[in-house]
Amino acid sequence: MRRATTFLSTLLLAVMLFAVPGALSPAQAQNPIQADGQNPMGARPTADSVNEEFLFKQESKIRGRVSIPDGKSANLIQPQGREYQNFRERWLPWIGALTILGMLAALGAFFLFRGRIMMEHSQESGKKILRFNAFERFTHWMTAVCFIILSLSGLNYIFGKRLLMPLIGPEAFGAIAQWAKYSHVYLAWPFMLGVAFMFVLWIRDNIPNKVDWAWIKAGGGFIGKGHPHAARFNAGQKGVFWMVAGFGAAMGITGLMMLFPFALTDINGMQVMQVIHSVIGIIFIAGILAHIYIGTLGMEGAYDAMGSGKVDLAWARAHHDLWVEQEQARTASGPQLKGHPAPAE
Ligand code: HEM
């Protein structure tokens, strides 16, 4: 009887194996799961204890156990990381390309439509007035040079692997990317210092007031006739100043959080910092492109202010009439009449 049962069960097994080829995967064949969901090794592969979804309901990440002091290394899976990766790899390059190319296209269209804003000559043409002293110019150019290198090295984080590496090859790209990273990390310091200096130097002349509102209503001179009044900085320049102060601070704070990982925030916080840093960085670059345009190609006579520091008095009177009056009152003994030539400084 016992022999017959053994024979029959062997026959049944053989039929099953031939009739359903491949029904059992090799892994299952080696590690068959028993009716209670447990395999012979004692693991429960179908149980909730290894179900990711179930684990995420309990906690926001999956952790193991480590005996080294760095407890962070026990994190095995952190789903927010995938959202961050999706932003970093898919959305960010598009946001960057559209914002920066959009600004370049807008500036190109503006140049075609308006052309260069030329100097208007008057009897004051040829006389010079000091607009920015040596320390102000040094601060400006230190900040500007750092900003340009920070921008290029920052854009390399977003676009380098996609655009530059296929062109120059992985070896050269690796070397450039390494230098870009060093310069990004080290030039952040003089940049932050420069923004802090600018803030202290120019805040007094950048407090918004009623004159700015009139300047905005006149579209900076594009709407209506003549130039709207402006003191040392017009409303557009005050916008640049506050953008530099606000975005500069935001870039500095978020950058420092990433430069000193885990000092003030955890991995999620650092990912949020990176998102803020990259999005503000892109808008900052687009804004400064407009500033560079107006300071060079866009307006004749503007560059001298940051080049030699002195501008043509006729230019200054046209664009910053209230400032010229203040300067003339300040540098001469007693207030001077409007239209009076500036004292030689
Ligand atoms: C090649 C790059 C740059 C050029 C050619 C340039 C040019 C100029 C010029 C000509 C002025 C004086 C305008 C006036 O007479 O009032 C100026 C002012 C200023 N620049 Fe720049 N600049 C450059 C980059 C930067 C950068 C990167 C920053 C900051 C991140 C910056 C921040 C400022 C600020 C805050 C002012 C004072 C407010 C204003 O006039 O808009 N500049 N710049």
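Residues numbered from 1 in each chain as written. Predicted model: local features only at pLDDT ≥ 70, side-chain atom pairs only at ≥ 80, totals over all residues. Heavy atoms only, no water.

Selection criterion: UniProt positions are given in the numbering used here, feature names are shortened, and annotations may be inferred rather than shown by experiment.
An unreviewed UniProt entry lists the chain under the name Formate dehydrogenase gamma (Cytochrome) subunit, with Methylorubrum extorquens as the source organism. According to its UniProt record, the chain has this under Cofactor (unreviewed entry): "heme". Taken verbatim from the UniProt record of the chain, the Subcellular location (unreviewed entry) comment is "Cell membrane".

Examining the confidence of the model for the chain
Put simply, the rule is: Values of pLDDT, the confidence the predictor places in each residue, fall between 0 and 100. Contacts are assigned to residue pairs with any non-hydrogen atoms lying within 4.5 Å of each other.
Taken residue by residue, the chain gives an average pLDDT of 86. The fraction at 70 or more is 79%. Taken as a whole, residues 17-30 scores under 50 in pLDDT and shows one contact with residues more than four places along the chain or in a different chain. Counting interchain partners and residues more than four positions distant, the pLDDT-below-50 stretch residues 334-345 has 28 contacts.

Comments concerning empty space enclosed by the protein
Under the convention used in this document: Lining residues are those with an atom within 4 Å of a point, where the points come from a 1 Å grid over the protein atoms alone and group into cavities, where a 1.4 Å probe fits but cannot get out, or pockets, open sets with protein on both sides within 12 Å along at least five of seven lines. Grid points are joined across faces, edges and corners, and a volume is the space filled by probe spheres set on the points. Classification convention: Asp, Glu, Lys, Arg as charged; Ala, Val, Leu, Ile, Met, Phe, Trp, Tyr, Cys, Pro as nonpolar; all other residues, Gly among them, as polar.
Counted under the stated rule, the structure contains one cavity of 30 Å³ or more. The computed volume of the largest cavity comes to approximately 30 Å³. In terms of lining residues, the largest cavity is bounded by M118, M119, E120, W315, A318 and H319. Partitioned by chemical class, the residues of the lining of the largest cavity number four nonpolar, one polar and one charged.

So, the layout of surface pockets
The following threshold applies: Segments assigned H or I by DSSP are reported as helices when at least four residues long, segments assigned E as strands when at least two residues long, and all are numbered from the N terminus.
There is about 720 Å³ of room inside the second largest pocket. Lining the second largest pocket are 28 residues, and of these Y157, H184, M251, M258 and H277 sit closest to its centre. When residues of the lining of the second largest pocket are traced back to their parent elements, those giving at least two are helix 4 (80-114), helix 5 (134-168), helix 6 (170-202), helix 8 (235-259) and helix 9 (267-295).

Notes on a nonpolar patch on the surface
Short version of the rule: Patches here: salt-bridge-free residues with over 30% relative accessible area, like charges joined within 9 Å, nonpolar side chains (Val, Leu, Ile, Met, Phe, Trp, Tyr) joined within 5 Å. Using a 1.4 Å probe, the Shrake-Rupley method yields the accessible areas, and only the shown protein chains count as cover for residues. Salt bridge, as used here: a side-chain nitrogen of Lys or Arg that lies within 4 Å of a carboxyl oxygen of Asp or Glu.
On the surface, F135, F138, L193 and F197 cluster together into a nonpolar patch covering about 370 Å² of accessible area. Secondary structure elements with two or more residues in the nonpolar patch: helix 5 and helix 6. With respect to the element layout, F197 can be found in helix 6.

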